[in-house]
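One-letter residues, chain by chain:
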Amino acid sequence: MANVSDVAPGGPGIEARWTSSAKNGVGTALSRHSPVWFTLSHGVLNEIYYPRVDSACTRDFGLIVTGPEGYFSEEKRHCQSQTAPVRTGIPAFHVTNTAHDGRYRIDKEIITDPDRPCVLQRLTFTALTGDAADYRVHALLAPHLVNAGAHNAAWVGEVEGVQILFAVGQSRYLALAASVPWRAASAGFVGVSDGWQQLHETGRIDPQYHRADDGNVALVGEIGFAPDRATAELALGFGQTEHEAAAYALASLAEGFDKAKDGYVAQWAAWQKGLRPLARNGGQHAPYRTSAATLAAHHAADRPGAVVASLSIPWGAAKGDGDLGGYHLVWPRDLVETAGGFLAAGDADEALAILDYLREVQEPSGRWPQNLWLDGRPYWRGVQMDECAFPILLADMLSRMDHLTGAARDRALPMVRRAAGYILMNGPATAEDRWEEDAGYSPFSLAVEIAALLGAADLLEADNDAAAATHLRETADCWNEQVEKWTFAGDPDFCQSVGISGHYVRIAPPGATDRANATDGLTAIRNQTPDRSTLPVGEVISPDALALVRFGLRAADDPHILQTVKAIDHALRIELPQGPLWYRYTGDGYGEHEDGAPFDGTGKGRPWPLLAGERAHYELAAGHPKAAEALLATLEASAGDGGLLPEQSWDAPDIPERELFLGRPSGSAMPLVWAHSEHLKLLRSLEDGAVFDMPPQGVKRYIRDKTPATLRIWRFNNRITQVRQGKTLRIELATPAMVHWSGDGWATSTDVKTVPSSLGSHFADLPVAKMEPGATLVFTLFWLGAGTWENTDFTIGIAQD
């Protein structure tokens, strides 16, 4: 008979860690009554999220099998696992775990109850050697309530005569109940007195501890299978109190697994039936349905339009409580990409909900946080200009597709105006590029900003603000005309070796405004060791430049683009078993180390499958549909065993002990919702025969009509020092002022008051177009509100056109 003790020893346990990011299943019910999400990896449940999709509450939840002569087997480590959806596109899963030594098999079905926050498993244990009665099967659960493994409490309790395993952390509770009695149950501290330690040492839960408080805790229960049938249902309920969590778990068990499964599958089948048929070669086309389900499985139950980037924590097994967010946060850029995926698949309602959510979490300045929790609280606080621009592009696309009408349009227009005003006064240089690292002039950020200004102009013009529309187009023209000046250069030796005259660089430093050569300066590589932490600007290449085509600013056969494609392929392309993939940029360190050790602030960047999707869109724009089709196949073949797309793929010889295999997912995030969104858009683009999300305004204005810029813009955060002859000089300020200026060294002077733009700025246009090259103008400012002079003269030279 087992010993029973009140309090487990060894608190607080070892330091808490998360788990593998290599998911092969994610699921949730399409029901507001069931705010719970689960993930699967290595044949067991990993992070389970409650009550919001940004709130992880478990590390993992699996089974341990013990038997005669000290037999010990943990299904996540000692089994060959197969995971498959019960139906294509339905994220209800059947998992089969077969012991490597051939002694047993475990079959599980996993869903959430659509009527309540409860994760359900129906499991069957089959002895392949000996009889089922020879073995003991134990459920081992590691609570990590509300994104933290520390300061949790666990205990064994009873409700209405039923033994239940409980845990609490940060006022959130979970309750684990079974359809059969627990033969034994215990709470302990991980690494010291938890069930894993007991079972590994003795094969039994002995002693049985009632409680483990304030630490990294675990719960264990031996499943009391009936003598003639090794089948049981496990219900993991969540709630605001222990009684609520237990009531949910018991109610799910009482109603039965089949009822919950029927409702769960029916909801998903109905949603999938309403999507656009984008299947390739007929049939269901599992990758399409998987991508669509992946997007839907990442959205919030109680916050319409909120979708997190991934239900995973990259290199999670090496991450602790300090990495609160993982990727289960909202990135505005990823969110707009996701909206495009929904639109491509035919779910305009979800895209409209995303636009509404973006409107709700927009900051008063007009921008969006770098990333945020579902309630709008910023997590990282960087400023990325593409993230400020993407929501405008979403509004424009919805409008062009006739989805943004009536009240939805009325709600969106103030958001668009504020965002456009922010871009106007803070672009075109970005504080961080789309890879969240460097400041300066990024071809990608520039493309998104310029396209967004043109889209905002159309929206505001339709709202009877022609002046604002003109202002935005003039700014877009100004920036578009200088893209090559700011970002087209290249290392001479490299260019000669490739046979090109130059290429777009990954990013040029902020001081590029008047710089003659974009190769001047250094680019910081922020995820590398000190000896690799900088490279000359002209040596750093990225596929980001293809955004100039994707967003309609440059033709696919523009000479600058064609030369850059050669540079990209020479420097960043790698052939893998599934086909070609590309790295993010030269010298990238965001990935595992050479020996496969997890990224820890430095490493070696690995290729990203989503970049194959972006390249496929370029090939389609270039008139190469067969190349685009081939890259679609590469993208789909980059998925893991469950059909989920990873952030990165392993590009080196196999390292089996780290589960790294050439061409297969690396240890970074999987699934990456952004990659699945790109997949959906590529399927739609191939069906349409044109890039689905390419804004048309730039195509007409710059590629067809070749509209030139008429002005250059001076701001305090963009202090240009020269203007080309023939251009008007615009002084753009945050507050009203009088511009006091002279073109003859103050022999004479002119005063011009700024006028409001209706976009939050005040501007004055100085008529300097007829000044001769070599001439100089000088100006200062009198602040009308404060009644004071700036007391600084600003000088601008006139340059030869």
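Preceding this paragraph is the structure being described.
The shown structure was predicted, so the numbers you read here are calculated from the model rather than taken from an experiment.

Chemist: Explanation requested: the overall build of the protein chain in the structure shown.
Modeler: A count of helices and strands for the protein chain gives 19 helices and 34 strands. For a compact globule of 801 residues, the expected C-alpha radius of gyration is about 28 Å, and the protein chain comes in at 29 Å, within 12% of that figure. Projected onto its principal axes, the C-alpha coordinates of the protein chain cover approximately 105 × 55 × 50 Å. Out of the 801 residues in the protein chain, the part that is buried amounts to 62%. When contacts within the protein chain are restricted to residue pairs at least 6 apart in sequence, those whose partners lie at least 24 apart make up 68%. Only carbon and sulfur atoms are counted for the fraction: they give 51% of the accessible area of the protein chain, which is about 28300 Å². Counting 69 positive and 100 negative side-chain charges, the protein chain places the averaged centre of each group 4 Å from the other.

Chemist: When you look at the layout of surface pockets in this model, what are you seeing that I'm missing?
Modeler: Space left empty within the atom packing is revealed by a probe, the size of a water molecule, rolled over the atoms. The volume enclosed by the largest pocket comes to roughly 1200 Å³. For the largest pocket, the lining is made up of 41 residues, of which Ser 20, Ala 22, Ser 41, His 42 and Glu 659 are closest to its centre. The leading source of residues in the lining of the largest pocket is strand E7 (residues 79–87), at five residues. When grouped by side-chain class, the residues that make up the lining of the largest pocket number twelve nonpolar, 18 polar and eleven charged. The computed volume of the second largest pocket comes to approximately 560 Å³. For the second largest pocket, the lining is made up of 25 residues, of which Tyr 327, Trp 331, Trp 380, Glu 436 and Tyr 590 are closest to its centre. Within the lining of the second largest pocket, the residues separate by chemical class into twelve nonpolar, three polar and ten charged.

Chemist: Sorry, what's going on with the environment of Asp 321 here?
Modeler: Its place among the elements puts Asp 321 in the loop between helix H5 (286–297) and helix H6 (332–345). Here Asp 321 falls in the partly exposed class, since its relative accessible area comes to 23%. Expressed as a C-alpha distance, the spacing of Asp 321 and Arg 17, which sit 304 residues apart in the sequence, is 7.1 Å. In terms of polar contacts, Asp 321 uses its side chain to reach the backbone amide nitrogen of Gly 149, at 2.8 Å. Within the structure, the side chain of Asp 321 is placed 2.9 Å from the backbone nitrogen of Ala 150, a separation counted as a polar contact.

Chemist: I tried to follow the pattern of salt bridges on my own but got confused; where do I start?
Modeler: When their charged atoms lie close together, side chains carrying opposite charge are able to pair. All told, the structure shown has 59 salt bridges when counted by the stated rule. Here Glu 575 ties to Arg 573 by a salt bridge, and the two come within 2.8 Å at their closest N and O atoms. Exposure remark for Arg 573: the relative accessible area of 36% places this residue in the partly exposed category. The closest approach of N and O atoms between Lys 604 and Asp 651, which form a salt bridge, is 3.4 Å. Placement of Lys 604 in the loop between strand E24 (579–582) and helix H16 (609–621) and of Asp 651 in the loop between helix H17 (625–637) and helix H18 (673–688) is noted, with a sequence separation of 47 residues between them. Taking relative accessible area as the criterion, Asp 651 reaches 12% and is therefore assigned buried. One salt-bridge network, held together by shared partners, links Asp 433, Glu 437, Asp 438, Arg 506, Arg 526, Arg 584 and Asp 588.

Chemist: What is the right way to look at empty space enclosed by the protein in this model?
Modeler: Counted under the stated rule, the structure contains three cavities of 30 Å³ or more. Of the pockets and cavities examined, the largest cavity occupies roughly 310 Å³. Sort the elements by how many residues they give to the lining of the largest cavity and H16 lands first, with six residues. Residue composition of the lining of the largest cavity, by class: 19 nonpolar, two polar and ten charged. Roughly 120 Å³ of volume is contained in the second largest cavity. Taken together, 14 residues form the lining of the second largest cavity, with Pro 91, Phe 93, Thr 290, Ala 293 and Leu 644 sitting closest to its centre.

Chemist: Got a minute to help me understand the sheet that holds strand E25 (residues 711–714) in this structure?
Modeler: Paired through backbone hydrogen bonds, the strands of a sheet run either parallel or antiparallel to each other. Pairing is mixed in the open sheet, where four strands are placed in the order E25-E27-E31-E30. The open sheet is flanked by E25 and strand E30 (755–756), the only strands paired with a single partner. With five bridges joining them, strand E27 (residues 728–733) and strand E31 (residues 762–766) adopt antiparallel strand pairing. What sits directly across from Glu 732, in E31, is Phe 763. Strand contacts of helix H11 (residues 466–480): E25, E27 and E31, with the helix running at about 95° to E25, the strand carrying the most contacts.

Chemist: Help me understand the pairing of strand E16 (residues 208–215), please; the structure alone is not making it clear to me.
Modeler: Side chains on a regular strand alternate between the two faces of the sheet. In the sheet, strand E1 (residues 4–7) pairs with E16 via three bridges, with the strands oriented parallel. Bridging from a neighbouring strand, Val 4 pairs with Gln 208 of E16.

Chemist: What should I look at first to understand unusual backbone geometry in this one?
Modeler: Backbone phi values are negative for most residues with the exception of glycine, while trans is the configuration of most peptide bonds. The omega torsion across Asp 206 and Pro 207 is 5°, close enough to zero to call that bond cis. In this structure, Pro 207 sits in the loop between helix H2 (195–202) and E16. Across the junction of Met 670 and Pro 671, the peptide omega takes the value 5°, indicating a cis bond. Assignment of secondary structure puts Pro 671 in the loop between H17 and H18. Located in the positive-phi region is His 42, a residue other than glycine, with phi close to 55°. You can see His 42 is positioned in the loop between strand E3 (37–41) and strand E4 (44–49).

Chemist: Just to check I follow, could you spell out H5 for this structure?
Modeler: Structurally, the α-helix is built with 3.6 residues per turn, so residues lying three or four positions apart point the same way. The terminal C-alpha atoms of H5 lie 16 Å apart, and with twelve residues this matches the ideal 16 Å at 1.5 Å per residue to within 8%. Among the twelve residues that make up H5, ten are buried, leaving the element largely enclosed by the rest of the structure. Among the residues of H5, Tyr 288, Arg 289, Thr 290, Ser 291, Ala 292, Ala 293, Thr 294, Leu 295, Ala 296 and Ala 297 are the ones counted as buried. On the buried face of H5, the contacting elements are strand E2 (25–28), E3, strand E8 (90–99), helix H4 (257–273), H6 and H18.

Chemist: Would you mind showing me how to read the nonpolar core here?
Modeler: The tendency in soluble globular proteins is for nonpolar side chains to be buried as a group. Among the nonpolar cores identified, the biggest contains 228 residues, and Phe 125, Ile 223, Leu 234, Leu 394, Ile 423, Leu 472 and Phe 551 are the most heavily contacted of them. A total of 13 residues in this core trace back to one element, the largest contributor, which is helix H10 (residues 443–462). Residues in contact with Leu 472, not counting those within four places in the same chain, are Ala 420, Leu 424, Leu 453, Ala 456, Ala 457, Leu 460 and Leu 759. Membership of the second largest hydrophobic core comes to 20 residues, among which are Ile 720, Val 723, Trp 741 and Met 771.

Chemist: Got a minute to help me understand the packing of aromatic side chains in this structure?
Modeler: To describe a pair of aromatic rings, one takes the distance between the centres and the angle between the planes. Enumeration according to the criterion identifies 31 aromatic pairs in this entry. Measuring from centroid to centroid gives 5.8 Å for Trp 268 and Trp 271, while their planes differ by 90°, and the two rings are edge-to-face. Linking Trp 268 with Trp 271, this pair stays in helix H4, spanning three residues, or about one helical turn. Pair check on accessibility: Trp 268 and Trp 271 agree, each one buried. The interplanar angle of 70° and the centroid separation of 5.6 Å between the aromatic rings of Tyr 327 and Trp 331 together place this pair among those described as edge-to-face. What links up through ring pairs into an aromatic cluster is the set Tyr 327, Trp 331, Trp 373, Tyr 379 and Trp 380.

Chemist: Is there a simple way to think about the sheet that holds strand E13 (residues 162–169) in this case?
Modeler: Spatially, ten strands are ordered E1-E16-E12-E13-E14-E18-E10-E9-E8-E7 in an open sheet, and the strand pairing comes out mixed. Edge positions in the sheet fall to E1 and E7, since each has one partner strand and no second. Neighbour-to-neighbour, the strand axes of the sheet open up by a mean angle of 20°, direction not taken into account. Judged from the seven bridges that link them, strand E10 (residues 118–127) and strand E18 (residues 231–239) form a sheet pairing that is antiparallel. Its bridge partner being in E18, Thr 124 is matched across the sheet by Thr 231.

Rules behind the numbers
Residues numbered from 1 in each chain as written. Predicted model: local features only at pLDDT ≥ 70, side-chain atom pairs only at ≥ 80, totals over all residues. Heavy atoms only, no water. Helix = DSSP H or I, 4+ residues; strand = E, 2+ residues; numbered from the N terminus. Rg over C-alpha atoms; globule rule 2.2 N^0.38 Å. Buried < 20%, exposed > 50% of the residue type's maximum accessible area, 1.4 Å probe, protein only. Contact = heavy atoms within 4.5 Å. Areas by Shrake-Rupley, 256 points an atom, 1.4 Å probe, with all protein chains shown as cover. Lys, Arg positive; Asp, Glu negative; His and termini not counted. Charge placed at Lys NZ, Arg CZ, Asp CG, Glu CD. 1 Å grid on protein atoms, 1.4 Å probe; cavity = no way out; pocket = protein on both sides within 12 Å on 5 of 7 lines; lining within 4 Å. Points joined across faces, edges and corners; volume = space filled by probe spheres on them. Nonpolar A, V, L, I, M, F, W, Y, C, P; charged D, E, K, R; others polar. Polar contact = N/O pair within 3.5 Å; in protein donor to acceptor, adjacent residues only side chain to side chain. Salt bridge = Lys/Arg side-chain N within 4 Å of Asp/Glu carboxyl O. Pairing = 2+ DSSP bridges. Axes fitted to C-alpha atoms, helices over the stretch in contact; angles between N-to-C directions. Expected span 1.5 Å × (residues − 1). Core = buried A, V, L, I, M, F, W, Y, C linked by side-chain atoms within 4.5 Å. Phe/Tyr/Trp six-rings, centres within 6.5 Å; stacked < 30°, edge-to-face > 60°.

Keep in mind these values describe shape, not function.
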